[in-house]
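Architecture and fold: a report
Spelled out from the first residue to the last, the chains are:
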Amino acid sequence: MEENLDDVDRILLRALQADGTQSLESLAGRADISTNTCWRRVKRLEESGVIARRVALIDPEKLGLNQTIFVAIRTRDHSAGWLKRFADAVRTIPEVVEFYRMAGDVDYLLKVQARSVQDYDRVYKALLARVDIADVSATFAMECLKNTTELPV
């Protein structure tokens, strides 16, 4: 789809990434197109999957989730069955907000939002109880210097 995006699509995508609650009229004005054209373009971007979903971004600290932890995981078992059990286990833990399979020294990387180190320890123990993991290394973020969901369009 990327090659089919024109300047108007890019304007709409940048605007929606900054504020997904904007009205069609506001978006159309930014892109200098009619409201009907704007609606059709946004609908096409949604149907093609360029716009995956619209969500509200919540400040984790306002919910008491003050601790961001990056968890590097190594495994001895690289079978499809182990990966399925592991992925199923991770997906049931709400504190895991991002989950990646990696290339290199680390097999998997998790981003965890927890209330405290003790809260993370509970998450850690719950994960270890469900799957065999060779090595777990947690790194605790001291300060967030940049956090955005806006992609360069």
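Preceding this paragraph is the structure being described.
Overview of the structure. Note that the structure is predicted; figures quoted are calculated from it, not measured. (Residues numbered from 1 in each chain as written. Predicted model: local features only at pLDDT ≥ 70, side-chain atom pairs only at ≥ 80, totals over all residues. Heavy atoms only, no water.)

**Observations concerning empty space enclosed by the protein**
Applying the stated criterion across every chain, the model contains 1 cavity of 30 Å³ or more. Contributing to the lining of the largest cavity are V71, L110, V112, Y120, V123, Y124, L127, L128, I133 and V136. Broken down by secondary-structure element, the contributors of at least two residues to the lining of the largest cavity are β3 (108-114) and α5 (117-130). The biggest single contributor to the lining of the largest cavity is α5, with 5 residues. Taken together, the residues of the lining of the largest cavity sort by class into 10 nonpolar, no polar and no charged. (1 Å grid on protein atoms, 1.4 Å probe; cavity = no way out; pocket = protein on both sides within 12 Å on 5 of 7 lines; lining within 4 Å. Points joined across faces, edges and corners; volume = space filled by probe spheres on them. Helix = DSSP H or I, 4+ residues; strand = E, 2+ residues; numbered from the N terminus. Nonpolar A, V, L, I, M, F, W, Y, C, P; charged D, E, K, R; others polar.)

**Let's talk about the side chain of T75**
Structurally, T75 is set in the loop between β1 (67-74) and α4 (80-91). The buried category is assigned to T75, whose relative accessible area is 9%. Polar side-chain contacts of T75 include one of 3.0 Å to the backbone nitrogen of D77. When sequence neighbours within four positions are dropped, the list of residues in contact with T75 reads W82, D107, Y108, D132 and A134. (Buried < 20%, exposed > 50% of the residue type's maximum accessible area, 1.4 Å probe, protein only. Polar contact = N/O pair within 3.5 Å; in protein donor to acceptor, adjacent residues only side chain to side chain. Contact = heavy atoms within 4.5 Å.)

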